[in-house]
Amino acid sequence: MNFAFWRYLLILSLLFILWGEFFIEGGVFNQLVFNFAIFYPIGFLVGYRPRFETIRSAYVAAYSFNILSYLVASFAGIPFGSLIIVVLDFLSVGFYLKLGMIMGQRAQSKEG
């Protein structure tokens, strides 16, 4: 794996630790907001610095992080709630990454 992948995993882990205390209770809306707080910044970083950041590494890191978090939760015995939340979770990861990339590109183009 390249350096960007590991950097994205580190950023995602730090954001997870930071925001994890604020989003304790379950629910669909809570999960979507939590995903926004974690995955949008990575997308923004990729969109803002397109020459230095790789889109593929961002998607692989985000989905790997999401899968690993579900594996850890299942080993710890934490219930997922419902299959709908899991499906929305994975869909929102891609959506928030793309939204962050678009907003990062807009912010970068306004500066340059």
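Up top is the structure.
Below is a summary of the structure that appears in this document. (Residues numbered from 1 in each chain as written. Predicted model: local features only at pLDDT ≥ 70, side-chain atom pairs only at ≥ 80, totals over all residues. Heavy atoms only, no water.)

A closer look at helix α2 (residues 28-48)
An ideal rise of 1.5 Å per residue puts 30 Å on 21 residues; α2 measures up with 29 Å between its terminal C-alpha atoms. Taken as a whole, α2 carries its principal kink of about 35° at Phe39; the proline Pro41 stands between one and four residues after it. Those residues of α2 lying buried are Asn30, Phe34, Asn35, Ala37, Ile38, Phe39, Tyr40, Ile42, Gly43, Val46 and Gly47. Residues of α2 that are buried make contact with α1 (3-20), α3 (55-76) and α4 (83-111). (Helix = DSSP H or I, 4+ residues; strand = E, 2+ residues; numbered from the N terminus. Expected span 1.5 Å × (residues − 1). Bend = angle between axes of the 7 residues up to and from the residue. Buried < 20%, exposed > 50% of the residue type's maximum accessible area, 1.4 Å probe, protein only. Contact = heavy atoms within 4.5 Å.)

Remarks on a nonpolar patch on the surface
Nonpolar side chains collect at one region of the surface, where Val28, Leu83, Ile84, Val87, Leu88 and Leu91 lie side by side and expose about 550 Å² of accessible area between them. Tallying contributions element by element places α4 first for the nonpolar patch, with five residues. The exposure class of Ile84 is exposed, given its relative accessible area of 57%. (Patch = residues over 30% accessible without salt bridge, like charges linked within 9 Å, V, L, I, M, F, W, Y side chains within 5 Å. Areas by Shrake-Rupley, 256 points an atom, 1.4 Å probe, with all protein chains shown as cover. Salt bridge = Lys/Arg side-chain N within 4 Å of Asp/Glu carboxyl O.)

With respect to the packing of aromatic side chains
The geometry of an aromatic ring pair is captured by the separation of the ring centres together with the interplanar angle, meaning the angle of the planes. This model, assessed by the stated rule, comprises eleven aromatic pairs. Among the aromatic residues, those joined into a ring-pair cluster are Phe36, Tyr40, Phe44, Tyr48, Phe95 and Tyr96. Here the basic side chain of Arg7 rests over the ring of Tyr8, its NZ or CZ set 5.6 Å away from the ring centre. (Phe/Tyr/Trp six-rings, centres within 6.5 Å; stacked < 30°, edge-to-face > 60°. Lys NZ or Arg CZ within 6 Å of the ring centre and 35° of its normal.)

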